[in-house]
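# Breakdown of the fold
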Amino acid sequence: MQGEAAARRSGVGSSAQPTYRGMVRTAIGIAREEGPLKLWQGVTPAIYRHVVYSGGRMLAYEQLRESVLGRNADGSFPLWKAAVGGMVAGAVGQFLASPTDLVKVQMQMEGRRALEGKEPRVRGVSHAFIKIFSEGGIRGLWAGWVPNVQRAALVNLGDLTTYDTVKHFLLRNTPVEDNSICHSLASICSGLVAATMGTPADVVKTRIMNQPRDLHGRGLLYKSSIDCLIQSVKGEGFWSLYKGFLPTWMRMAPWSMTFWLTFEQIRKAMGVSSF
């Protein structure tokens, strides 16, 4: 959100000059200005989101791989099928979880509003859901779902596709066995590719979901995700799409490794074949 050109031009955002601090200085600034616990602002809806999102995407991908797209006769799953499956599965999972993501983003922006001297919009997860529903109805809970789904499709093109492809490449072409070493190597690759693919969409998604809206729920800064993308590049340059890449990767890398290692062990403990 730092240096958002559209907000400066419209005058809707803060009139103060933006402070460019980077990841570490931003984290220190939040801890000093708002308290250390604010670094975990929005953790509750984030947990809700991952319960719905991760469950939805994994179920969708496996069904696509095994029943819809299908493996080759030799048991392999072609890269193009993995890419299609990853994008569709990510889109499905994120669409289901979009309301929780909207609440998470709005709660995380409360610290910025407080520093700008604005009244808080929400007081907690329940209040956020009720407020969004009362102002926009069911459709309001899915505000910004298009960039949300676009981002998830790209992230899972990186995550699911890369993990599945790298893991089975290692098993077929190297002495590595189907164990934690194999899972770790595949998850490292998937985390990096997911962060690279998803950061631009994450920037667009966050800006659209957090933009001020009129009484009819229409955004005041951007007409669509494409409009946001164009305005961001024109106003701030191409690399504005990769603002926050480092913290995104530092979040996705441990998340990817933790998720995949845990997921594989749970499958093993339950007597289900390896992913």
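Our subject in this report is the structure included herewith. It should be emphasised that the depicted structure is a prediction, and the values quoted were computed from it without experimental measurement.

With that settled, the discussion passes to the nonpolar core. Ranked by size, the top nonpolar core spans 13 residues in total, and within it Met58, Tyr61, Leu160, Trp260, Phe263 and Phe275 carry the most contacts. Looking at this core, the elements with two or more residues in it are helix H3 (43-68), helix H4 (79-108), helix H7 (145-173) and helix H10 (245-269).

All right, on to the packing of H7 against helix H8 (residues 180-210) then. Relative to each other, H7 and H8 sit at 170°, their axes nearing to 8 Å. In this view, H7 runs roughly antiparallel relative to H8, as classed from their interaxial angle. Taken together, the residues of the contact of H7 with H8 sort by class into 19 nonpolar, seven polar and five charged.

Below, the discussion takes up H3. For H3, which comprises 26 residues, the first-to-last C-alpha distance of 35 Å matches the rise-based estimate of 38 Å (1.5 Å per residue) to within 8%. Where H3 ends, the next residue or the one after it, Gly70, has phi of about 80°, a positive value.

Packing of H8 against H10 leaves a shortest axis separation of 8 Å and a crossing angle of 140°. Taken together, H8 and H10 sit at an angle that is classed as oblique. Relative to H10, the crossing made by H8 is right-handed. Residues belonging to the contact of H8 with H10 are distributed by class as follows: ten nonpolar, eleven polar and three charged.

A few words on the packing of aromatic side chains. Inspection of every chain in the model, using the stated rule, returns 16 aromatic pairs. Judged by centre distance (5.3 Å) and plane angle (85°), the ring pair of Phe95 and Trp145 falls under edge-to-face. Here Trp145 lies in helix H7 and Phe95 lies in helix H4, a separation of 50 residues in the sequence. We classify Phe95 as partly exposed; its relative accessible area is 35%. With a relative accessible area of 37%, Trp145 lands in the partly exposed category. Among the aromatic side chains, those forming a connected cluster through ring pairs are Tyr61, Phe77, Tyr163, Trp255, Phe259, Trp260, Phe263 and Phe275. Sitting over the ring of Phe259, Arg57 keeps its end group 5.0 Å from the ring centre. The ring of Phe275 has Arg65 lying over it, and the distance from NZ or CZ to the ring centre is 4.5 Å.

Definitions and cut-offs
Residues numbered from 1 in each chain as written. Predicted model: local features only at pLDDT ≥ 70, side-chain atom pairs only at ≥ 80, totals over all residues. Heavy atoms only, no water. Core = buried A, V, L, I, M, F, W, Y, C linked by side-chain atoms within 4.5 Å. Buried < 20%, exposed > 50% of the residue type's maximum accessible area, 1.4 Å probe, protein only. Helix = DSSP H or I, 4+ residues; strand = E, 2+ residues; numbered from the N terminus. Axes fitted to C-alpha atoms, helices over the stretch in contact; angles between N-to-C directions. Parallel < 35°, antiparallel > 145°, perpendicular 65-115°, else oblique. Nonpolar A, V, L, I, M, F, W, Y, C, P; charged D, E, K, R; others polar. Expected span 1.5 Å × (residues − 1). Left-handed = near helix turned anticlockwise from the far one by under 90°. Phe/Tyr/Trp six-rings, centres within 6.5 Å; stacked < 30°, edge-to-face > 60°. Lys NZ or Arg CZ within 6 Å of the ring centre and 35° of its normal.

The values reported here are purely geometric and, on their own, carry no functional implication.
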